[in-house]
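Here is how the chains run, residue by residue.
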Amino acid sequence: MPDAGLTILLVEGKPDHAKRIERHLVHEGGESVEVVIRDCLSAALVRLGVGGVDAVLANLRMSDADGFEVVSQLAAKAPSTPIIALSSRDEPDLMIGAMKAGAQDFLCKTKLSGEIMLRAVRLAVERSKAASRVQNTDHALVESEARIHAIINSALDCIITMDSNGKIVQFNPAAEQT
């Protein structure tokens, strides 16, 4: 299934690693995948500020930042953009720390293939979209409840709400006055 204009920001300080990862992603995703490479965290943060990035693949070891700081700064700059942490070490503590710092996934660079990376990116992007939809739905529900509450409280008629057992669970000011 081709991706419609999937833009991946690759934050990798080693040019040979960056080119290999880019080659894998483009080979697997075809022309619909664009990989934007930045060799340091500061340049990646600038690129994130421009927008148009669907996901970030970020090495935890950069020239201007190290470890979970890389993930936390990227997440702070673009909170709705999914981040996938990359490391040469496949250690549970490193994985958990990256996730706590804001990464949606963690991949070991020694076990990478284009298929694995692109699948992780697609899943992260879809999780991000789903979370956004849930947040929008929650916001709409809160607004709707506030509107209903305002209507009930301003009504001149008595409104009394009961549960299935006949217990009164809500009443408006007009009902209270009556």
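What you see is a predicted model; the values in this text were computed from it and never measured. (Residues numbered from 1 in each chain as written. Predicted model: local features only at pLDDT ≥ 70, side-chain atom pairs only at ≥ 80, totals over all residues. Heavy atoms only, no water.)

Please provide a residue-by-residue account of the packing of helix α2 (residues 41–50) against helix α3 (residues 68–77), values included.
As a packed pair, α2 and α3 sit with axes 10 Å apart at the nearest point and diverge in direction by 20°. Taken together, the axes of α2 and α3 lie roughly parallel to each other. As for how α2 packs across α3, the hand of that crossing is right-handed. Contacts between α2 and α3 pair Leu41, Ala44, Leu45, Leu48 and Gly49 from the former with Glu69, Val70, Gln73, Leu74 and Lys77 from the latter. (Axes fitted to C-alpha atoms, helices over the stretch in contact; angles between N-to-C directions. Helix = DSSP H or I, 4+ residues; strand = E, 2+ residues; numbered from the N terminus. Parallel < 35°, antiparallel > 145°, perpendicular 65-115°, else oblique. Left-handed = near helix turned anticlockwise from the far one by under 90°. Contact = heavy atoms within 4.5 Å.)

Lay out helix α4 (residues 92–101) with the relevant residues and their values.
All of the buried residues along α4 are Leu94, Gly97 and Ala98. The arc enclosing the buried residues of α4, seen along the axis, measures out at 100°, which places them on a common side. Within α4, the exposed residues directed more than 90 degrees away from the buried face are Pro92 and Lys100. Those residues of α4 hidden inside the fold are in contact with α3, β4 (83–87) and β5 (105–108). Note on α4: the residue one or two positions beyond its end, glycine 102, has a positive phi of about 130°. (Buried < 20%, exposed > 50% of the residue type's maximum accessible area, 1.4 Å probe, protein only. Arc of directions from axis to C-beta.)

Talk me through the environment of lysine 14; I want residue IDs and the actual numbers.
Mapping lysine 14 onto the fold places it in the loop between β1 (6–11) and α1 (15–29). Taking relative accessible area as the criterion, lysine 14 reaches 44% and is therefore assigned partly exposed. Between the C-alpha atom of lysine 14 and that of alanine 131, which follows or precedes it by 117 residues, the distance is 33 Å.

Before we move on, can you summarise the environment of leucine 45 with the specific residues and values?
The topology assignment puts leucine 45 in helix α2. Taking C-alpha positions, leucine 45 is 20 Å from lysine 100, a pair spaced 55 residues apart along the chain. Those residues in contact with leucine 45, other than ones at most four positions away along the chain, are Gln73, Leu74 and Lys77.

Could you give me a rundown of the nonpolar core, with the residues and numbers involved?
If you look at the biggest cluster of nonpolar residues, it comprises 24 residues, and the most contacted ones within it are Leu9, Val56 and Leu74. For this core, the secondary-structure elements that each account for two or more residues are β1, α2, β3 (55–59), α3, β4 and α4. Dropping the residues within four chain positions of it, leucine 74 is found in contact with Leu41, Ala44, Leu45, Leu48, Val56, Ala58 and Ile83. Leu6, Leu25, Leu107 and Leu112 belong to the second largest nonpolar core, which has 20 residues in total. (Core = buried A, V, L, I, M, F, W, Y, C linked by side-chain atoms within 4.5 Å.)

How would you summarise the side chain of arginine 47 if you had to cite specific residues and measurements?
Positionally, arginine 47 belongs in helix α2. Despite its burial, arginine 47 pairs with no opposite charge; the closest candidate is glutamate 34, at 5.6 Å N-O. Excluding residues within four positions of it along the chain, arginine 47 makes contact with Thr7, Leu9, Val36, Arg38, Gly52 and Val53. (Lys, Arg positive; Asp, Glu negative; His and termini not counted. Salt bridge = Lys/Arg side-chain N within 4 Å of Asp/Glu carboxyl O.)

A description of the sheet that holds β5 should follow, citing residues and the corresponding values.
Note: strands within a sheet are paired through backbone hydrogen bonds, in either parallel or antiparallel orientation. With parallel pairing, the five strands of this open sheet are ordered in space as β2-β1-β3-β4-β5. Looking at strand neighbours, the two that pair on one side only are β2 (33–38) and β5, the edges of this open sheet. Going from strand to strand, the sheet's axes swing by 20° on average, the running direction of each strand aside. Pairing of β1 with β3 involves four bridges; the strand directions are parallel. Residue pairing across strands places isoleucine 8 opposite alanine 55, the latter belonging to β3. The strands touched by α2 within the sheet are β1, β2 and β3, with β1 carrying the most contacts at an inclination of about 160°. (Pairing = 2+ DSSP bridges.)

Describe a nonpolar patch on the surface, and please don't skip the residues or the numbers.
Taken together, the side chains of Ile160, Met162, Ile168 and Phe171 present a nonpolar region at the surface, about 410 Å² in accessible area. Mapped onto the nonpolar patch, the elements with two or more residues apiece are β6 (160–162) and β7 (168–171). Relative to the assigned elements, methionine 162 resides in strand β6. A residue is classified by how much of its surface remains accessible, and methionine 162, at 51% relative accessible area, is exposed. (Patch = residues over 30% accessible without salt bridge, like charges linked within 9 Å, V, L, I, M, F, W, Y side chains within 5 Å. Areas by Shrake-Rupley, 256 points an atom, 1.4 Å probe, with all protein chains shown as cover.)

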